[in-house]
Amino acid sequence: MPSLTSLAPAGPTATPTRTTATARRLTAICGTLLAALLCALSVGASSASAHAALTSTDPADGSVVKTAPREVTLNFSEGVLLSGDSVRVLDPKGKRVDTGKTAHVGGKSSTAAAGLHSGLPDGTYTVAWKAVSEDSHPVSGAFTFSIGAPSKTTAKVPTGEASDATVGTLYGIGRYAAYGGFAALVGSCVFAGLCRSSRPVRKIAVGGWVTVFTSSLLLLLLRGPYTDGEGIGGILDLGRLGDVLSTKPGAALLSRLLLLGAAAVFLAVLFGSYTRRTGEGEADARRRQDLAFGLGFGGTVMAVGLAATWAMAEHASVGLQRQLAMPVDVIHLIAVGVWLGGLASLAVTLRAGEPIERAAVRRFSRLAFGSVVALVVTGLYQSWRQVGSWGALTDTEYGRWLLVKVGLMAVLVGIAAVSRRWTGRLTETAETAEAAGGEADAEVGADAERGKAEAAEGDAEADVVATAGGKAAVTAARPVRTGAADVVVDTPDAAPADAPADTSADAVTESGDGTESGDGTGRDSRTGAADDDPVRAAQLARQRAAKDKTATLRERDADRERSGLRRSVIAETIVAVVLLAVATVLSGTQPGRAETEQASARAAKPGGQLNVDPVSVLIPYDTGPKSGRGKAVVMIDPALPGDNTLHVFTTDLADRPVDVPEVKLSLTLKGKGIGPLRIPLERLSTGHWSAKTVQLPMAGTWQLSLTVRTSDIDQVTETRNVKVAQ
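Everything quoted here is computed from the prediction, not taken from an experiment.

> Can you tell me about the nonpolar core, naming the residues and giving the values?
Counting residues in hydrophobic clusters, the biggest one holds 69 residues, and the most contacted among them are Phe-182, Leu-267, Leu-270, Trp-339 and Leu-340. Sequence-distant contacts of Leu-267, that is, excluding residues within four places in its chain, are made with Leu-185, Cys-189, Ala-205, Trp-209 and Gly-272. Within the second largest apolar cluster, 28 residues are counted, among which are Ile-636, Ala-639, Ile-679 and Trp-702.

> Tell me what's going on with the sheet that holds strand β19 (residues 700-709), and back it up with residues and numbers.
Spatially, β16-β15-β19-β20 is the arrangement adopted by the four strands of the open sheet, whose pairing is antiparallel. Pairing within the sheet leaves two strands with one partner each, and these edge strands are β16 (674-679) and β20 (715-724). Taken pair by pair, the neighbouring strands of this sheet meet at an average axis angle of 20°, ignoring direction. Pairing between β19 and β20: 10 bridges, direction antiparallel. What sits directly across from Leu-704, in β20, is Arg-720.

> Residues and numbers for the pairing of strand β13 (residues 629-637), please.
A regular strand places its side chains so that they alternate between the two faces of the sheet. Judged by which residues are buried, β13 turns out to be one-sided: Gly-630, Ala-632, Val-634 and Ile-636 face inward and are buried, whereas Arg-629, Lys-631, Val-633, Met-635 and Asp-637, on the alternate face, are not. Direction of pairing for strand β12 (residues 615-622) relative to β13: antiparallel, over a ladder of eight bridges. Residue pairing across strands places Tyr-621 opposite Gly-630, the latter belonging to β13. Count of turn residues in the β12/β13 antiparallel hairpin: six residues, of which Gly-624 carries a positive phi of about 125°. Pairing geometry for β13 and strand β14 (residues 642-651), over seven bridges, is antiparallel. Its bridge partner lying in β14, Asp-637 is registered against Thr-645. If you look at the hairpin formed by β13 and β14, you'll find four residues sitting between the two strands, and Ala-639 has a positive phi there, around 60°.

About the thresholds
Residues numbered from 1 in each chain as written. Predicted model: local features only at pLDDT ≥ 70, side-chain atom pairs only at ≥ 80, totals over all residues. Heavy atoms only, no water. Core = buried A, V, L, I, M, F, W, Y, C linked by side-chain atoms within 4.5 Å. Buried < 20%, exposed > 50% of the residue type's maximum accessible area, 1.4 Å probe, protein only. Contact = heavy atoms within 4.5 Å. Pairing = 2+ DSSP bridges. Helix = DSSP H or I, 4+ residues; strand = E, 2+ residues; numbered from the N terminus. Axes fitted to C-alpha atoms, helices over the stretch in contact; angles between N-to-C directions.

So yeah, pure geometry; function would need other evidence.
And the structure:
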């Protein structure tokens, strides 16, 4: 079977300069695409940590209860992992009033409860919580409730970031490196076993193994600080490893490291005994056949096992149909590895000018096509499972990233189609070359037959001459050095003494490395001097190596089909790297189905389904002087129990905004004995005051008291009733 490097180019030959310029332009375009999308990834990755979300609490957020509860209960959209201080309850002075024990309610993993001490006084209490969702991502938050009546609180509320920024960044890089290393490891091993094994492919396989192992070990060490929200110094606390290994993500990382130990042995056999050539064709074939089944079975088991360490700890392990979703996710990951890792292996093989059979290229083309089919089928199922509706594609963060991934996939499939066309041209060129070779062999055979006939006739004539007493000339060769070429040539002793020097020089034949094709002992004076000078010898060796490399690259670039395939494969590989980055962000983003369900759950809470317009109250005021007359509009949005926003607008009688020295407002629910609740107002602009967070503990008819001061001594207080819906 001819190799790609052994066939002459078909059609017009592309010059190396043109090929290099095209490759540079292609690399620049793909590099720009990579940089742009990676910048987008770094911007969008910051919101990728919210998975399990808080759907309800008891007491409710912002509510006012008459008596102190015995415990605080939290409900989440999916299962969470808890620690001893997952839920902390702080009194108005910031002191902890919970018992320090957090547990699930009734064995339900989607709940958390913390007991409270008895005899708690009235006031506003802050509940700070943190947990790890079942798909391994940390979540945190806080809410407040009041006993008796709201009060001021000095408790520090968490900012909402569940992990340290540095730790989170390193953890994200480790996850991306693990995905990339897995793809390189699986794809290069499949390419080496089924298509072509070479030194560049072995480097990709070993590099993939090292990357997966290093990143997995880093993730295991970062897992504790990542989930506990600590800084990078927490990585030194090895005592936390025991707690990490007891969790599902920690067990998955440990299993991955153990499987990678077995994978190291697999690599040693695959790139050692299996690919070694001893020169004995039959013995090599028998040895490879004996190892093929074991390598195929063992490689499949390890690939499935490594992929399962992701499937059992991330999105596939939670939500609906998890028994089906995890095997589908394993198939998806292996297909990604075979395609992307195989692409990288083919790219470096073509780049290095390694000989590769055209049948091997066609074999990989069919393998890549099967991987793409598997990716499309499994990807459709995963998209339906994670998104759930068409609207979630544009309304959720996960859906938007999924659209980016689909777009990149379309680009990748388009480039792959170009690669398949180049592969088809390679096949046509191979068939043409083989046919031309057959015709050439036939012509050579005919020439050989004619030569034999002519030789026989010549022998017959020679016999006649010898019989007639002709004298045979026997000559002995002796070295002669010419002045022009300064090389040693062999001339017969019978040569005339007055023969010109160039007559013997015509017999000179040099080999590719500058030596003669005679007895091999003749060298020029410079070569002899180089033998005595090791520096000169090393310089000549480097020159010969550079010359050989240039010849190899020239031969590689002269093959139009091979160069076209190489460029398209490199483009595929670059887009695949960006696609892998998008897939990594998707694995850390809350699925669209979960986000939609959480929004529905929040809307289903009491009062959540009411379409209530903001309550507006017009209050004329008159403090006495002519300049003290005007109107005030008080607006409460949405006028429901819980958080509200309050605005006060003051105008003159002509409805022009006007400032007054002071505006004060309070709310009282007399029927329940709540209040007055004084609302601190912040001036935003001329005649506009606002309070962003106004906690109304319950529904009812509240009395609103508004005090307007227009001078140092002139002020008035007006009261109105406002209704807060149930």
